[in-house]
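Descriptive analysis of the structure
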Amino acid sequence: MSSTPFDLFVIGAGSGGVRAARMAAQRGARVAVAESSALGGTCVNVGCIPKKLYSHAAHFADAFEQSRGFGWTPGEARFDWALLKANRAREIARLNGVYETLLRDAGVTILRGRAQLVSPRAVRVDGLEHAAQRILVATGGHSVAPDYPGGELAVTSDAMFDLPVFPRHLVVVGGGYIACEFTSIFRGLGARVTQIVRGERILRGFDEDVRAFLARQMAQHGVELRTGVRPASVARGCDGLKLTLSDGSTLAADTVLQATGRRPNTSGLGLQALGVRLDEQGAIVVDSGFETSVPGVYAIGDVIDRIQLTPVALAEAMVLVDRLLGNGTRRIDYDLVPTAVFTHPNVATVGLTESQARERFGAVKVFRTDFKPLKHTLSGSPERVFMKLLVDAATDRVVGVHMVGGEAGEVVQGFAVALKAGATKAQFDATIGIHPTAAEEFVTLREPVA
Ligand SMILES: Cc1cc2nc3c(=O)[nH]c(=O)nc-3n(C[C@H](O)[C@H](O)[C@H](O)COP(=O)(O)OP(=O)(O)OC[C@H]3O[C@@H](n4cnc5c(N)ncnc54)[C@H](O)[C@@H]3O)c2cc1C
């Protein structure tokens with residue numbers, strides 16, 4: 001056992017763990033963080049960052065094509081998968097170094113290896129026990145594994161960034177945001193992509209209009225969407241993989257991506273032995289101060305499965321450290337968390353869907369538009385933009401903002417501030433637009449459609 005106990009021992013150097021460790025150390029605490037893989041966690045290594053880089057790569061195919069309408073004659077465009085992978089790996093390695101420097105400069109002790117709780121006051125890493133006043137579990141989550149025969153031949157999102165060979169035909173199983181994003185990315189990069197969705201529509205949980213609009217736009221980009229089916233089995237054939245679906249049909253593919261959700265990383269940590277309570281999904285149950293059922297043991301981020309997004313993990317880390325080492329005034333509000341889906345085109349949303357708004361407020365005014373953006377009047381692209389505002393009829397407050405279109409995330413981030421501030425439709429109307437932009441439509445929607 002190491003001699004002086006750490007004030008805080010963090011397990012997992014991902015989005016939440018790094019932020020908590022740094023902030024705690026900056027407040028003078030003696031902090032250690034244990035990491036079994038690369039610093040930065042899911043977001044930096046196999047999530048948000050590499051995914052967005054690949055999404056940028058995929059958008060170039062459209063840009064080359066669309067440039068013709070603006071007078072360009074692009075040369076022969078060739079895509080080099082190996083080069084993209086190498087450039088991504090270099091940038092991620094740089095970010096791993098940045099995280100290491102941030103932690104070390106803050107005075108955090110970094111321990112490499114798998115950590116396990118041995119008591120509420122001790123953690124074991126690589127056979128060595130470390131005493132700690134408090135322990136924070138920030139171990140994130142992992143992709144759900146396929147549960148059909150031959151499922152081991154499918155890959156999860158972690159593997160997609162480094163596929164040895166670029167797939168000619170990719171089958172994506174799942175309809176959530178990660179499945180849709182990989183579908184768009186690989187389609188944009190030139191693969192034939194078939195997306196298999198168990199339900200009738202992609203993006204469960206999003207506004208129905210958004211779901212339908214995006215599916216049409218993705219189809220225009222050449223995505224083959226198969227709804228109401230599941231994989232029954234996968235087998236290796238002489239020329240790649242053969243996927244049999246629940247309706248008996250078959251598909252040939254060289255890569256099958258299973259993207260049907262993520263589960264919290266709670267096994268092998270010694271949590272059950274200590275009596276740390278988990279919910280039915282295996283997520284750690286915490287109170288409003290992120291303390292588990294065992295006093296002195298805390299948890300944040302994907303492992304508590306509230307909202308699986310990096311900015312949420314960061315916010316939880318800051319609330320926790322403020323509570324443990326500050327004046328405890330910081331709060332987290334899970335309402336109005338904006339989110340984007342980096343499909344082609346992008347989706348972004350903040351607030352309620354139409355059905356949620358109707359359920360909560362009863363009378364709701366719906367403002368909706370879809371139009372060809374200025375750029376595509378010359379580009380030749382059939383891509384359109386969709387926008388929707390939901391307004392509580394009783395108070396005039398805007399309770400939902402939804403967009404499908406280029407840079408939707410950049411647009412909706414600003415509107416998230418307005419919604420957080422309680423903006424009304426009258427205040428949207430009183431706001432002068434920025435012309436010519438797509439975003440100005442959000443402040444010029446005059447007549448409700450429902
Ligand atoms: C493909 C993909 C795309 C995504 N895109 C976005 C996006 O665009 N925007 C967004 O906001 N979010 C996105 N996310 C979600 C985001 O990555 C997570 O919400 C975020 O990383 C959660 O942070 P965390 O700290 O809870 O866990 P993580 O970042 O997952 O970090 C957990 C860390 O703990 C380590 N660990 C686990 N067990 C142990 C152990 N026993 N000992 C030591 N270390 C351990 C892991 O190796 C990992 O480094 C995406 C996720 C995926 C998979």
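Residues numbered from 1 in each chain as written. Predicted model: local features only at pLDDT ≥ 70, side-chain atom pairs only at ≥ 80, totals over all residues. Heavy atoms only, no water.

**Some points on the overall build of the protein chain**
Along its length, the protein chain carries 13 helices and 21 strands. Relative to its length of 450 residues, the protein chain is compact, with a C-alpha radius of gyration of 24 Å against a globular reference of 22 Å. Partitioning the contacts of the protein chain with sequence separation of at least 6, the portion at a separation of at least 24 is 62%. Summed over all atoms, the accessible surface of the protein chain reaches about 20700 Å², with 52% contributed by carbon and sulfur. Distance between charge centroids for the protein chain: 1 Å, based on 49 positive and 46 negative side chains. (Helix = DSSP H or I, 4+ residues; strand = E, 2+ residues; numbered from the N terminus. Rg over C-alpha atoms; globule rule 2.2 N^0.38 Å. Contact = heavy atoms within 4.5 Å. Areas by Shrake-Rupley, 256 points an atom, 1.4 Å probe, with all protein chains shown as cover. Lys, Arg positive; Asp, Glu negative; His and termini not counted. Charge placed at Lys NZ, Arg CZ, Asp CG, Glu CD.)

**Remarks on the side chain of Asn45**
Considering the arrangement of structural elements, one finds Asn45 in helix H2 (residues 41-46). Reaching out from Asn45, the side chain makes a polar contact with the backbone oxygen of Leu39 at a distance of 3.2 Å. A polar contact is formed between the side chain of Asn45 and the side chain of Asn96, at a distance of 3.1 Å. Not counting residues within four places of it along the chain, the set of residues in contact with Asn45 comprises Ala38, Leu39, Gly40, Pro50, Ile92 and Asn96. (Polar contact = N/O pair within 3.5 Å; in protein donor to acceptor, adjacent residues only side chain to side chain.)

**Overview of the site of the ligand**
Of all residues adjacent to the ligand, which total 36 residues, the nearest are Gly16, Glu35, Thr42, Lys51 and Asp302. In this structure, Glu35 approaches the ligand through a side-chain N or O atom, which is 2.6 Å from an oxygen atom. The separation between an oxygen atom of the ligand and a polar main-chain atom of Thr310 is 2.9 Å. When isolated, the ligand has an accessible area of 1000 Å², and the protein chains bury 94% of it. Among the secondary structure elements, those contributing two or more residues to the shell around the ligand are helix H1 (15-26), strand S2 (31-35), H2, helix H3 (48-66), helix H6 (177-188) and helix H9 (310-325). The biggest single contributor to the shell around the ligand is H2, with four residues. (Near = heavy atom within 4 Å.)

**Here we look at the environment of Ala138**
Here Ala138 lies in the loop between strand S6 (128-137) and strand S7 (141-143). With relative accessibility at 10%, the residue Ala138 sits in the buried group. Ignoring sequence-local partners within four residues, the contact set of Ala138 consists of Ile11, Gly12, Gly17, Ile300 and Val303. (Buried < 20%, exposed > 50% of the residue type's maximum accessible area, 1.4 Å probe, protein only.)

**Quick word on the environment of Ala57**
Relative to the helices and strands, Ala57 is located in helix H3. A residue is classified by how much of its surface remains accessible, and Ala57, at 18% relative accessible area, is buried. Separated by 129 residues in the primary sequence, Ala57 and Phe186 have C-alpha atoms spaced 9.8 Å apart. Beyond its immediate chain neighbours, meaning those up to four positions away, Ala57 contacts Leu84 and Leu189.

**Some thoughts on the packing of H3 against helix H4 (residues 81-105)**
Close contact between H3 and H4 brings their axes to 11 Å; oriented N to C, the two are set at 145 degrees. In terms of crossing hand, the pair formed by H3 and H4 is right-handed. Of the residues in H4, those touching H3 at Ile49, Pro50, Leu53, Tyr54 and Ala57 are Trp81, Leu84, Lys85, Arg88, Glu91, Ile92 and Leu95. (Axes fitted to C-alpha atoms, helices over the stretch in contact; angles between N-to-C directions. Left-handed = near helix turned anticlockwise from the far one by under 90°.)

**Remarks on the environment of Lys85**
Residue position: Lys85 is located in helix H4. On a C-alpha basis, the gap between Lys85 and Asp162 in space is 6.4 Å, while along the polypeptide they are 77 residues apart. Setting aside residues no more than four positions away along its own chain, Lys85 makes contact with Tyr54, Phe161, Asp162, Leu163 and Pro164.

**Quick notes on the sheet that holds strand S20 (residues 385-392)**
The strands making up a sheet are joined through hydrogen bonds of the backbone, oriented either antiparallel or parallel. The strand order S17-S18-S21-S20-S19 describes an open sheet built from five strands, whose pairing is antiparallel. The outermost strands of the open sheet, each flanked by one partner alone, are strand S17 (339-341) and strand S19 (364-371). In this sheet, adjacent strand axes meet at a mean angle of 10 degrees when their direction is disregarded. Pairing of S17 with strand S18 (residues 347-351) involves three bridges; the strand directions are antiparallel. In the sheet register, Val341 faces S18, and the bridge partner there is Val347. Running over the sheet, helix H7 (residues 208-220) touches S18, S19, S20 and strand S21 (398-404) and is turned about 175 degrees from S20. Relative to the sheet, helix H10 (residues 354-361) contacts S18, S19, S20 and S21, its axis offset from that of S19 by approximately 165 degrees. (Pairing = 2+ DSSP bridges.)

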